[in-house]
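Analysis of the macromolecular model
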Amino acid sequence: MLEKSKSVLAYQATIFDRLESGVQSYARCFPTTFVRARGAEVWDAEGRRFVDFLAGAGSLNYGHNNPIFKEALISYIEGDGITHSLDLHTGAKEHFLNTLNDFILKPRGLDYVVQFTGPTGTNAVEAAIKLARKVTGRTNIISFTNGFHGCTLGSVALTGNKYFRDASGVPMQNATSMPYDGYFGDGVDTIAYLEMMLSDPSSGVSDPAAVILETVQGEGGLRAARTEWLRRLQALCRARNILLIVDDIQAGCGRTGSFFSFEPAGIVPDIVTLSKSLSAFGLPMAIVLINRSIDCWKPGEHNGTFRGNNHAFVTAATAIEHYWSSASFTESIAQKSRHLGERLQRLVDRFPSDLCEVRGRGMMRGIRCIDPAKAAMISAKAYENGLIIERSGPHDEVIKCLMPLTIENEQFDEGLDILGSAFETVCSAQNVRSINGDPAMIFAAE
Ligand SMILES: *Cc1c(COP(=O)(O)O)cnc(C)c1O
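Thresholds, definitions, all that
For every chain, the first residue of the written sequence is number 1, and numbering continues from 1 onward in sequence order. Thresholds applied to this predicted model are a pLDDT of at least 70 for local features of residues and 80 or more for the giving and counting of side-chain atom pairs; totals over whole chains, interfaces and linings are not thresholded and use all residues. No hydrogens and no water enter the side-chain calculation; it runs on all heavy atoms of the structure. Strands are runs of DSSP state E lasting at least 2 residues, helices are runs of H or I lasting at least 4, and numbering of each runs from the N terminus. Here's how the labels work: a residue is buried when its accessible area is under 20% of the maximum for its type, exposed when over 50%, partly exposed in between, all with a 1.4 Å probe on protein chains only. Residue contacts are defined here by distance: any two heavy atoms, one from each residue, within 4.5 Å place the two residues in contact. Polar contacts here mean pairs of N or O atoms no more than 3.5 Å apart (in protein, one a potential hydrogen donor and the other a potential acceptor; neighbouring residues in sequence count only if both atoms are side-chain atoms). The term nonpolar core refers to a set of buried residues drawn from Ala, Val, Leu, Ile, Met, Phe, Trp, Tyr and Cys, joined through side-chain atoms within 4.5 Å. The split into domains, and so the bounds of each, comes from an automatic or database assignment of domains. Each pair of strands is called paired provided DSSP finds at least two bridges between the two strands. Between the N-to-C directions of two axes lies an angle of 0 to 180 degrees, each axis being a line fitted to C-alpha atoms and, for a helix, fitted only over the stretch in contact. Reported buried area values correspond to the accessible surface (1.4 Å probe) lost by two parts on association, with both partners' losses combined. Here a salt bridge means any side-chain nitrogen of Lys or Arg lying within 4 Å of a carboxyl oxygen belonging to Asp or Glu.

**Here's the deal with the overall build of the protein**
Secondary structure assignment for the protein yields 16 helices and 15 strands. Dimensions of the protein along its principal axes, counting C-alpha atoms only, are 65 × 60 × 45 Å. Going through the 446 residues of the protein one by one, you find that 52% of them count as buried. Across the protein, contacts joining residues at least 24 apart in sequence account for 74% of those joining residues at least 6 apart.

**Describing the side chain of Glu 41**
Mapped onto the fold, Glu 41 is located in strand S2 (residues 41–44). Here Glu 41 falls in the buried class, since its relative accessible area comes to 16%. For Glu 41, the side chain forms a polar contact with the side chain of Gln 411, separated by 3.2 Å. Once residues lying within four places of it in the same chain are set aside, the contact partners of Glu 41 are Arg 36, Arg 49, Phe 50, His 64 and Gln 411.

**Digging into the nonpolar core**
The tendency in soluble globular proteins is for nonpolar side chains to be buried side by side. Residues Phe 53, Phe 96, Leu 233, Phe 260 and Phe 423 are the most contacted members of the largest nonpolar core, which totals 87 residues. In terms of residue count, helix H12 (residues 310–324) provides more of this core than any other element does, nine residues in total. Two domains each provide a minimum of three residues to this core, namely domain 1 (15–65 + 327–442) and domain 2 (69–323). For Phe 423, the contacting residues outside a window of four places in its chain are Leu 347, Phe 351, Leu 355, Ile 367, Cys 369, Ile 378, Ile 399 and Ser 428.

**Considerations on the sheet that holds strand S14 (residues 390–392)**
Adjacent strands of a sheet form backbone hydrogen bonds with each other and so pair up, either parallel or antiparallel. The strand order across the open sheet formed by four strands is S11-S12-S15-S14, and the pairing between neighbours is antiparallel. Here the strands that pair on one side only, and so sit at the sheet edges, are strand S11 (355–361) and S14. Ignoring strand direction, the axes of neighbouring strands in this sheet form an average angle of 30°. In the packing of helix H15 (residues 409–428) onto the sheet, the strands contacted are S11, strand S12 (364–369) and strand S15 (398–401), and the crossing angle to S15 comes to about 170°.

**Looking at the domain arrangement of the protein**
You can read the domains of the protein as domain 1 (15–65 + 327–442) and domain 2 (69–323). Relative placement of domain 1 and domain 2: their C-alpha centres are 26 Å apart. If you look at the interface, domain 1 gives 33 residues, while domain 2 gives 30 residues. Summed over both partners, the interface of domain 1 with domain 2 comes to about 2600 Å²; 53% of that surface belongs to carbon and sulfur atoms. Taken as a group, Tyr 62, Arg 361 and Met 364 account for 33% of the area that domain 1 buries against domain 2, more than any other trio of residues on that side. Linking domain 1 with domain 2 are one salt bridge, by the criterion used here. With a closest N to O distance of 3.1 Å, Glu 219 and Lys 400 form a salt bridge. In this structure, the connection of domain 1 to domain 2 is made through 18 residue pairs in polar contact (both at pLDDT 80 or more).

Written out as structure tokens, the structure reads:
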């Protein structure tokens, strides 16, 4: 396809290539310049329209530029509402705390206090593990295979992926990785394994301050922990005075069906981290929810300039009021989840020699491909046909659906149709060459 190779060449001459660091990642898979977005649709500078199944890696659960939040934010800005305030009390923060308390915490019987950290997910994780170490006086943290918790030093030590770990430049310390639910297949009870490692004084594992996990692993390949496994993990932690931290940065805010991903399991973590879709508008914001009885921070002990994005407070509070004050949003997520699960399962049934299984839970689901190179081609093919969709997993072998939860049914099916035809092209093709997942290479090869 000559035309496509030309546009790849044109892309390589842009300011992004001359001036922006080689650390760029998503931009390499979707090499165009995006200029406008609304709901689940995005347009580039050439006027091409895309359906967005990436949604800011799960930070746009309520879609791009949701008009309800946009209006609230515009009116706040027009009224000269406070933008920056360090951690000073503001009206916007007061309103956010009230809505969080009234519509999220209280109805679920959760007695948490809220810590505002720096605005990214990894900031919340760093605060959570620092607090856990302070509370228990222990240093080790247990994390799980394929877990992802961020790229700063404390968080990356809890992250499984070798690529991220190797980039750290220093040894990863004070963390022990244990097998997640299903890591060795159905036959191995990984809670029994963890229990043995923690009970045996000669196991070589130091007593941990905390266990941290995602109930559905976002970046690690969409493995979902079973309810029973989560309950037994909580019981194990409680019996040994180990704090349980659920990193709900990606799986929270409705992505798996309920506001918190751990609700169906009936567990109550000691600490919860939230970010990504919390602001509801793509604005950076992160919080740590802390069981009131372990909030032993002294004033300013974990400080930061940008702890509390007032614009994000406005949109976050509006989202909670609008979407979480009744059961109708949860019902609509459940309905869409069923539809997504059915359509993905149909694909797996159709191409059993290429696809292994549907993974994940709720609206955080995808398909694991046997050959990672085919997963790359499927994503590239979908992009060519107007769908933005990413991959995750240790070999980027899982096609990952993260469409906005508010996506309209028509666009939902449009995206799924494009995805289906990408599977059709790639999976029915004979003798597909392995091309290492570089979309530019795929276009050039065509
Ligand atoms: C994205 C993510 C993080 C890190 O958030 P950043 O904002 O990228 O620092 C941490 N944990 C989970 C589960 C995530 O998905």
